[in-house]
Amino acid sequence: MSLFVTLAADILVAVLLAATIVTCLRLSRRISQLKGDEAALRQTIGDLMVATGTAERAIAGLRSAIDDGDRTLTTRIDAATARAAELAAQVEAGETVVMRIGAIVAQMRAVPVRAEPPPAPRPVPEAPVAPAAQRPEPASPNGERLGAAAAAALAMSERALARVRARAA
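Bear in mind that the values here come from a model prediction, so they are computed numbers and not experimental data.

So, how was this worked out
Once a new chain begins, its residue numbering starts again from 1 and follows that chain's sequence as written. Reporting of local features is limited, given that this is a predicted model, to residues whose pLDDT is at least 70; pairs of side-chain atoms are given and counted only at 80 or more, and all residues count toward the totals for whole chains, interfaces and linings. Note that the side-chain values use all heavy atoms of the structure and ignore hydrogens as well as water. Where helices and strands are cited, they refer to DSSP runs of H or I of at least four residues and of E of at least two residues respectively, numbered from the N terminus. Relative accessibility under 20% of the residue-type maximum defines a buried residue, over 50% an exposed one, and the middle range a partly exposed one, all with a 1.4 Å probe and only protein chains included. Only the protein chains shown count as cover for residues, with accessible areas throughout obtained via the Shrake-Rupley method and a probe of 1.4 Å. The pLDDT value expresses, per residue, how confident the predictor is, ranging between 0 and 100. Should any heavy atoms of two residues lie within 4.5 Å, those residues are considered in contact. In this analysis, a patch consists of residues with relative accessible area above 30% that form no salt bridge, clustered at 9 Å for like charges and at 5 Å for the nonpolar side chains Val, Leu, Ile, Met, Phe, Trp and Tyr. For this document, the term salt bridge refers to a Lys or Arg side-chain nitrogen within 4 Å of an Asp or Glu carboxyl oxygen. One less than the number of residues in a helix, times 1.5 Å, gives the span that helix is expected to have.

## Describing the overall build of the protein
In step 1: The helix and strand inventory of the protein stands at two helices and zero strands.
In step 2: The burial tally for the protein puts 5% of its 169 residues in the buried class.
In step 3: On the protein, roughly 14800 Å² of surface is accessible, and the fraction owed to carbon and sulfur atoms is 66%.

What follows is the structure, given as C-alpha cells:
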C-alpha cells in the first residue's frame, strides 16, 4: 500500500502543481494588463499636465487682454465724459445766445417802426419858404436797417434753435 499512497501523493502534488501553474499564468496576464494600464495612465497624466500648462498660459494671456481692454475702455469713457461735458457747455452757451437774440428780436418787434413820410414834393421856387418848425424830417435810413437787422437776427435765432433741437434729439 505504500506504493498506492506514494502514487496518490505524487498525483495530488502533480494536480496541485498544475493548478499553481494555471494560477501563475492568470496572475501574470493580469500583471501585464496592469502594467499596460499603468503606462496608459502615465501617458494620460502627462497629456493632462501639458493641457493644464497650456490652459494656464491661455488664462494669463486672457487676463492681460482683459486688463488692456479695461484700461482702454476707461480711457475712452473718460474722454467721452469730457467731450459730453464740453458739448453740454457749448449747447448751454448756444441756448443763451439764442435767448439773447430772441430777446433782441422781441424788443425790436415791440418798438414800432417809424413810418417813413412820403417824399416831399420839390419846392416850387414861387412858394414861400416854410418856417423851420414846419419842415418835414428827412427819411431816416436807420428804420430800414433796424428792420433788416431784426429780420436777420430772427432768422439766425430760428436756425440756431433748430440746430440745438436737432442735436438734442
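So much for the structure itself; the text now carries on.
## Quick notes on the confidence of the model for the protein
In step 1: The share of residues in the protein with pLDDT of 70 or more is 79%, and the mean pLDDT across the chain is 82.
In step 2: Below a pLDDT of 50 lies the segment residues 127-138, which in the model reaches four contacts outside its immediate sequence neighbourhood of four places, other chains included.

## Structural notes on a nonpolar patch on the surface
In step 1: Taken together, the side chains of L7, I11 and V15 define a hydrophobic patch exposed on the protein surface, amounting to about 280 Å² of accessible area.
In step 2: With respect to the helices and strands, I11 occurs in helix α1 (residues 2-110).

## Side note on α1
In step 1: The terminal C-alpha atoms of α1, which comprises 109 residues, lie 153 Å apart, in line with the 162 Å expected from a rise of 1.5 Å per residue.
In step 2: For α1, every residue scored as buried is listed here: G53, V98, I101 and V105.

## Some words on the pattern of salt bridges
In step 1: Applying the stated criterion across every chain yields a total of three salt bridges.
In step 2: We note a salt bridge from R71 to D68, for which the minimum N-O separation is 2.8 Å. Residue R71 and its partner D68 are both found in helix α1; the two are separated by three residues, about one turn of the helix.
In step 3: The exposed category is assigned to R71, whose relative accessible area is 52%.
In step 4: One salt bridge in this structure joins R83 and E86, with 3.9 Å as the shortest N-O distance. Here R83 and its partner E86 are both found in helix α1, three residues apart, which amounts to about one turn of the helix.

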